[in-house]
Amino acid sequence: MLDHFTHTPRVAYLSMEIAFHEDLPTYSGGLGVLAGDSMLSAADLDLPMVGVTLVSREGYFRQHLDSDGCQTESPETWDPSQYATRLPAKTSIQLQGETVWIGAWLYELKGHMNGCIPIILLDTFVEGNSADNQALTHHLYGGDARYRLKQEALLGIGGERMLRALGFTIFRYHMNEGHSALLISELLKQYRFSSENMRNSEHSSDIPRVKRLCCFTTHTPVDAGHDRFDYAMVEAVLGEEVDLNTVKKLAGSECLNMTQLALNGSQYINGVAKKHADVSRDMFPGYRIHAITNGVHPHRWVSPSLAEVLDTYLPGWCHEPELLRNVDGIPNDALWQAHQLAKKSLISHIQEQQKTTLQLELPILGFARRMTSYKRADLLFSDIDRLVQIAERYPFQIVLGGKAHPQDHEGKHLIQQLHIVAKTVKNVLPVVFLENYDIAQARQLIGGCDIWLNTPLRPYEASGTSGMKASINGIANLSVLDGWWIEGCVEGKTGWAIGGVSPSENGNDALSLYQKLEQQVLPMYYDRKLDWVQMMKTCIQKNGTYFNSHRMMRRYVCEAYL
Ligand SMILES: *Cc1c(COP(=O)(O)O)cnc(C)c1O
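Quick caveat: nothing in here was measured; it's all calculated off a predicted structure.

Cut-offs applied
- Per chain, residue numbering runs from 1 following the sequence as it is written.
- Given that the model is predicted, a residue must reach a pLDDT of at least 70 before its local features are reported, and side-chain atom pairs must reach 80 or more before they are shown or counted; all residues, however, enter totals for whole chains, interfaces and linings.
- Excluding hydrogens and water, the side-chain values take into account all heavy atoms of the structure.
- Here a residue is near a molecule or strand as soon as one of its heavy atoms is found within 4 Å of it.
- Polar contact criterion, stated in full: a pair of N or O atoms within 3.5 Å, where within protein one must be able to donate a hydrogen and the other to accept it, and residues adjacent in sequence count only if both atoms are side-chain atoms.
- Bear in mind that the domain bounds are from an automatic or database domain assignment.
- When a carboxyl oxygen of Asp or Glu lies within 4 Å of a side-chain nitrogen of Lys or Arg, that pair is called a salt bridge.
- Helix and strand labels come from DSSP, where a helix needs a run of H or I of at least four residues and a strand needs a run of E of at least two; each type is numbered from the N terminus.
- Partly exposed residues are those whose accessible area sits between 20% and 50% of the maximum for their type, while under 20% is buried and over 50% is exposed, using a 1.4 Å probe and protein chains only.
- Pairing between strands is defined by DSSP: at least two bridges between them are needed.
- An axis is simply a line fitted to the C-alpha atoms; with a helix, the fit covers only the stretch in contact. Between two such axes, the angle follows the N-to-C directions and lies from 0 to 180 degrees.
- Residue contacts are defined here by distance: any two heavy atoms, one from each residue, within 4.5 Å place the two residues in contact.
- A cavity, in this analysis, means grid points on a 1 Å lattice covering only the protein atoms where a 1.4 Å probe fits yet has no way out; a pocket is instead an open set bounded by protein on both sides within 12 Å along at least five of seven lines, and a residue lines either one if it has an atom within 4 Å of a point.
- Grid points are joined across faces, edges and corners, and a volume is the space filled by probe spheres set on the points.
- All amino acids are sorted into three groups, where Ala, Val, Leu, Ile, Met, Phe, Trp, Tyr, Cys and Pro are nonpolar, Asp, Glu, Lys and Arg are charged, and the leftover types, Gly among them, are polar.
- Any two of the Phe, Tyr and Trp rings considered here, Trp counted by its six-membered ring, make a pair once their centres fall within 6.5 Å; the pair's planes then place it as stacked at under 30 degrees, edge-to-face at over 60, or tilted in between.
- In our convention, an over-ring charge means Lys NZ or Arg CZ found within 6 Å of a ring centre and within 35 degrees of that ring's normal.

Enquirer: Is there a simple way to explain the site of the ligand in this structure?
Expert: Residues in contact with the ligand amount to 14 residues; listed here are only the nearest, Trp-301, Lys-375, Thr-465, Ser-466 and Lys-469. Note that an oxygen atom of the ligand is positioned 3.4 Å from one of the side-chain N or O atoms of Arg-369. Here an oxygen atom of the ligand and a side-chain polar atom of Lys-375 are 2.6 Å apart. A domain split of the shell around the ligand shows at least three residues from each of domain 1 (3-193 + 207-294 + 554-561) and domain 2 (302-546).

This is the structure in structure tokens:
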């Protein structure tokens, strides 16, 4: 069944979350969507890769919001047998003194041009495991630190064992974020085993050999965001599965720092935007850190109505996004009508979900992403009187969305605050909060709004990808200069910057946001329609051609894999 995949040596791409199918809840946010877009492009470009992730049968979670914006969660259960094929192979790992059996599913990710990438879904819900161990691959980012460590061991160690059991030949490993870094310990163990048999060599000489095999992409410019595990727990959970002395050398003597392990075990290291690579170099002095700016998958993210227009005027664009450079040849009216169709589709989606009617003629400002504090979803509402004044002068509408991690009380509180504000301003300014923000809703919202807002606290937005999705749809960004937007912003042409690049400007962003909205964005929408449509074209032309995952994967191939 796997023969046509295993006969070519491949790059293994390990990620705790991969959004490989838009209906399946195997992701929590940007990291998983990026992993999915990466695999989609790999399939389109027919790259020899294999994705490895956990099956996450109960997903991240489904978000429920009551009328006050109080979030509750329920499992988002999916049945792998409906989408994937059970593979006969089995492997195991010792966790807390128990043998945990690991099974696997094969999901065949098909690209546009007959390419196909195998995605291996690791699953401990198999016979022979205790009920607790069967649940280890159920909840993405669920449970406590011990559960997380076990999941990360399943991904890094179990993933490598499964690839071997299935007969894959891997010439490069790509760790997407540090969750899979125990892979390094497993590869070292294998080398040691083979070298002890042959020449009884010194262990540390194996590190360069393992390093040559590994690439690591870091995504977290916040120190607290890096997984750290207590060595007492590591010893209790992993016991003989890892050589603690070696791990301590690579991952830090105080605690198991997954990022440090990945940094020390990888030949090629990169950040996900130029600025993020700079920030990472400061965080991790002494490492050579490259920059490969993220991208989004053209066909996944362009709205159906715009895709139809692009197919007509720029055939081949979704395989070769560089062709979008000729977007000027599309009649203004065709582009505008395509956008209006996407907007109508968003408006009817909102009508169904929320029983609120938005107006096609009025601009829609969109903001949706994980509700975590550095994203500052409340910045737009920091001066409500001012916001209402602007809306009285230039009417507009706001659509919000996003999940808070079940244990993030601050994030949950933020969602409630946003609901309170929505009620306060509703007579002048309609504000809608979409429930259960996911890929399907992101597509509707980003393609259907007129302005895409992002207001992160510098320098915490490593890249940000939803703004790229907006650009490739011809939607202008209004964003804080951080992450990818530093590279993508051409003021007044692809959107507008809020503030400058320095973190010292974080405190002035609300003022800058209101000024831009009132003096530039909304006046252009109402009074200079032609300029607005030209701006839509410039977004596609300058940013769609560049911030796409085809370009990104080609760079990974040239700079990291080969
Ligand atoms: C793209 C996307 C994200 C990431 O958005 P950012 O702008 O990077 O925060 C999160 N969730 C979903 C569902 C997405 O599609």
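Enquirer: Looking at this structure, I do not really get the pattern of salt bridges. What am I missing?
Expert: Opposite charge on two side chains allows them to pair when their charged atoms are near. Applying the stated rule across the entire model yields 26 salt bridges. The partner of Glu-22 in a salt bridge is Arg-443, with the nearest N and O atoms 2.6 Å apart. Of this pair, Glu-22 sits in the loop between β1 (10-14) and α2 (30-44) while Arg-443 sits in helix α16 (residues 439-448); the two residues are 421 residues apart in sequence, bridging distant segments of the chain. Among the residues examined, Arg-443 registers a relative accessible area of 27% and is labelled partly exposed. Residue Asp-37 is joined to Arg-300 by a salt bridge in which the shortest nitrogen-to-oxygen separation is 3.0 Å. Separated by 263 residues along the polypeptide, Asp-37 in helix α2 and Arg-300 in helix α11 (residues 298-301) bring together distant segments of the chain. The residues Asp-37 and Arg-300 share a single accessibility class, namely buried. Among the charged side chains, a salt-bridge network with shared partners connects Arg-161, Glu-186, Lys-189 and Glu-241.

Enquirer: Is there a simple way to think about the sheet that holds strand β8 (residues 170-176) in this case?
Expert: Within a sheet, adjacent strands bond to each other through the backbone by hydrogen bonds, running parallel or antiparallel. A sheet is described by the order of its strands in space; here nine strands give the open sequence β5-β6-β7-β2-β1-β8-β9-β12-β13, paired in mixed fashion. Since the sheet does not close on itself, it has two edges, and those belong to β5 (85-95) and β13 (289-291), each with one partner. Averaged over neighbouring strand pairs, the angle between their axes works out to 25° when direction is ignored. Looking at chain direction, strand β12 (residues 268-271) and β13 are connected through three bridges and run parallel. If you follow Ile-269 over to β13, its bridge partner there is Ile-289. Running at roughly 170° to β13, helix α10 (residues 274-283) makes contact with β12 and β13 of the sheet.

Enquirer: Where do I start with the layout of surface pockets in this structure?
Expert: Using a probe with the size of a water molecule, rolled over the atoms, empty space left in the structure can be pinpointed. Its volume calculated, the second largest pocket comes out at about 390 Å³. Forming the boundary of the second largest pocket are 17 residues, of which Ser-67, Gln-354, His-419, Val-431 and Phe-433 lie nearest the centre. Listed by contribution, the elements that provide at least two residues to the lining of the second largest pocket are α13 (332-354), α15 (409-425) and β16 (431-434). The leading source of residues in the lining of the second largest pocket is α15, at four residues. Grouping the amino acids of the lining of the second largest pocket by side-chain chemistry returns eight nonpolar, five polar and four charged. Counting contributing residues, the lining of the second largest pocket receives three or more from each of domain 1 (3-193 + 207-294 + 554-561) and domain 2 (302-546).

Enquirer: Please explain the sheet that holds strand β18 (residues 476-480) as it appears in this structure.
Expert: Pairing within the open sheet is parallel, and its six strands lie in the order β16-β15-β14-β17-β18-β19. Every interior strand has two partners, whereas the edge strands, β16 and β19 (495-498), have only one. Adjacent strand axes in the sheet meet at a mean angle of 20°, parallel and antiparallel pairs treated alike. Both strand β17 (residues 451-454) and β18 contribute to a ladder of four bridges, which runs parallel. Paired with Trp-452 across the bridge in β18 is Asn-477. Each of β14 (364-368), β15 (397-401) and β16 touches α13; the most contacted strand, β16, lies at about 75° to it.

Enquirer: Whenever I open this one, empty space enclosed by the protein confuses me. Can you help?
Expert: Enumeration according to the criterion identifies three cavities of 30 Å³ or more in this entry. Its boundaries defined by the atoms lining it, the largest cavity holds a volume of some 60 Å³. Along its surface, the largest cavity is lined by Ser-185, Leu-188, Lys-189, Arg-192, Asp-243, Thr-246, Val-247, Leu-250 and Leu-261. Counting residues per element, the ones that place at least two in the lining of the largest cavity are α5 (182-198) and α8 (244-251). For the lining of the largest cavity, the element with the most residues is α5, which contributes four residues. Among the residues making up the lining of the largest cavity, the classes are represented as four nonpolar, two polar and three charged.

Enquirer: Looking at this model, I keep getting lost on the packing of aromatic side chains. Mind explaining?
Expert: Both the distance between ring centres and the angle between the ring planes are used here to describe each pair of aromatic rings. For the coordinates displayed, the defined rule picks out 14 aromatic pairs. Ring centres of Tyr-525 and Tyr-526 lie 5.6 Å apart, and the angle between their planes is 80°; this geometry places the pair in the edge-to-face category. Residue class for Tyr-526 comes out partly exposed when judged on its relative accessible area of 29%. Aromatic side chains Tyr-546 and Phe-547 sit 4.8 Å apart centroid to centroid with 80° between the ring planes, which places their arrangement in the edge-to-face category. Connected via pairs of aromatic rings, a cluster forms that spans Tyr-394, Trp-496, Tyr-525, Tyr-526 and Trp-532. Stacked on the ring of Phe-367, the Lys or Arg Arg-369 has its end atom at 4.5 Å from the ring centre. Between Arg-551 and the ring centre of Tyr-546, over which it is positioned, the NZ or CZ distance is 4.2 Å.

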